[in-house]
Amino acid sequence: MSGLARLDAGQSVVVVGGGLTGLEAATEIAEARPDLHVALAARGGLGDWLSPKGREHLRKVFGRLGITAYEHAAVTGVDADHVTTADGEAIPAAVTVWTAGFAVHPIAQATALEVNGTGQIVVDGTMRSVSHPDVYAIGDAAMVMGPGDKPLRMSCASGTPTAWQAADAIAARLTGRKLPNVSIHYFNQCISLGRKEGLIQYVTADDRAVQAVLTGRLAAVYKELICKSAAWGVANPTLGLPTRRRRVTRERAATGPAVKASA
C-alpha cells in the first residue's frame, strides 16, 4: 500500500471486488486517508449475501466513511487513471486495489492429479486426493465438499480446519488408528470495517447468513481476537497440549503420504 501514501488529498482510490477482502480494504483505506475519494466496485449488490441487519450496518459505515459504492458494476478494464465497467462507465482511480477473487496455483492442474474447473485438487473428507492417495491438499488448493454438498470457500475459515483434518488423517493412517470424521462447517463471517468498527455475520453450517449479527466496536475487537488466535494456532499446532507419540505401522511407513500445501 506504499502507493497510497504518495497520493495527494482529493485523489481517487477504487477497490475492485465486493467480498470480505474488498470491504475490509475499502474501509481501512477510507479511515486511514479520509482526504481521499474511496470507492468500491462490486459485481453484485453491496454485501448482498449478508442478512438485512448486516447490509444496513455496512451501508451506514460506508456512508460515515464517505465511501462510494458502485453496485452491479463488473470491472472489465483497468487503466492508469481509471477503471472501466461492463456498461462502459469510467471510474477515476489514481490507485486500483484488486480484490476480485482467489486463484489456485497452476502447478496442480499441470500434474496428473484430478482437479476441478478452477484447478483445485479434488479430495475426500480426509483431504486425500481422490486420484492419487499419497497426495493431500489443504486450504485454497483443495476442493472440499462441506455441509449441504457445497464446496468450502477459499478462506482462513476453511484453510485451518482442512489442515487439521489432513494432519490427523495422515497420523491415523501412519499409525493404524481410526480416521478422523469431523464435519468442517462455518459459524460466522468476521469483517473488519476499519480499526473501530466491525461486522460479525452469523451463518448456517453451509455459510448462509442468519438474522443474528454483532456490530460496532465490540465486533472489531472480536475480529481482532479471531486474527490473533489464528496466528497463535499456527505457532502452537497442538493448542498447548502435550505432544503425543505413537508407533508407526510398517505397512504405512513404507508408503508415507506426501502433503500438498495450500497455494
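Going by the structure above, here's the rest.
Keep in mind that this is a model prediction, so the values were computed, not measured. Residue numbering note: each chain is counted from 1, following its sequence as written. Given that this is a predicted model, residues contribute local features only at a pLDDT of at least 70 and side-chain atom pairs are listed and counted only at 80 or more, while totals for whole chains, interfaces and linings are drawn from all residues. Here the side-chain values reflect all heavy atoms present in the structure, with hydrogen atoms and water set aside.

(A) Structural detail: the packing of helix H2 (residues 20-32) against helix H3 (residues 52-65). At a minimum axis distance of 10 Å, the contact between H2 and H3 shows a crossing angle of 30 degrees. The orientation of H2 with respect to H3, classified from their angle, is roughly parallel. Of the two possible hands of crossing, H2 and H3 adopt the one that is left-handed. Together, Leu23, Ala26, Thr27, Ala30 and Glu31 of H2 and Leu58, Val61, Phe62 and Leu65 of H3 make up the contact between the two elements. Residue polarity follows a fixed list, in which Ala, Val, Leu, Ile, Met, Phe, Trp, Tyr, Cys and Pro are nonpolar, Asp, Glu, Lys and Arg are charged, and the others, Gly among them, are polar. Of the residues that constitute the contact of H2 with H3, the class distribution is 7 nonpolar, 1 polar and 1 charged. Fitted lines through C-alpha atoms serve as axes, helices being fitted only where they are in contact, and the angles separating the N-to-C directions of these axes extend from 0 to 180 degrees. Secondary structure elements are taken from DSSP: a helix is a run of H or I of four residues or more, a strand is a run of E of two residues or more, and numbering for both begins at the N terminus. Just so you know how the angles are binned, under 35 degrees is roughly parallel, over 145 roughly antiparallel, 65 to 115 roughly perpendicular, and the rest oblique. By definition, turning the near helix anticlockwise from the far helix through less than a right angle yields a left-handed crossing, and turning it clockwise yields a right-handed one. Two residues form a contact once any of their heavy atoms are found within 4.5 Å.

(B) Main features of H3. A rise of 1.5 Å per residue sets the reference length of H3, with its 14 residues, at 20 Å; its end C-alpha atoms lie 20 Å apart and thus fit the reference within 8%. Those residues of H3 that are buried lie in contact with H2, strand E2 (37-41), strand E3 (68-70), strand E12 (198-203), strand E13 (209-215) and helix H5 (216-235). Downstream of H3 by a residue or two, Gly66 has a phi angle that is positive, lying close to 75 degrees. The length a helix should cover is 1.5 Å for every residue beyond the first.

(C) Main features of the sheet that holds strand E5 (residues 82-85). If DSSP finds at least two bridges between two strands, the strands pair. Pairing in this open sheet of 3 strands is antiparallel, and the strands run E4-E5-E6 from one edge to the other. Strands with a single pairing partner mark the edges of an open sheet, and in this sheet they are strand E4 (75-78) and strand E6 (90-92). Strand-to-strand twist in this sheet, taken as the mean axis angle between neighbours without regard to direction, amounts to 25 degrees. Bridging between E5 and E6 involves 3 bridges; their strand directions are antiparallel. The partner of Thr84 across the bridge, within E6, is Ala90.

(D) Local environment of unusual backbone geometry. Positive phi outside glycine occurs at Met127, with the angle close to 70 degrees. Along the chain, Met127 turns up in the loop between strand E8 (121-122) and strand E9 (135-137). For every residue, the accessible area (1.4 Å probe, protein chains only) is compared with the maximum for its type, and the residue is labelled buried under 20%, exposed over 50%, or partly exposed between those bounds. Owing to a relative accessible area of 1%, Met127 belongs among the buried residues under this scheme. At Asp207, a residue that is not glycine, the phi angle is positive and equals roughly 80 degrees. On the secondary structure map, Asp207 appears in the loop between E12 and E13.

(E) View of the environment of Asp124. Checked against the element boundaries, Asp124 lands in the loop between E8 and E9. Remark: the alpha-carbon pair of Asp124 and Gly233, spanning 109 residues in sequence, is separated by 24 Å. Residue contacts for Asp124: discarding those within four places in its chain leaves Val130 and Arg173.

(F) Summary view of the pairing of E5. Side chains Val83 and Thr85 of E5 all project onto a buried face; the interleaved residues His82 and Thr84 project onto a face where none is buried. The sheet contact formed by E4 and E5 spans 3 bridges and is antiparallel. Across the sheet, residue Val78 finds its bridge partner in E5, namely Val83.

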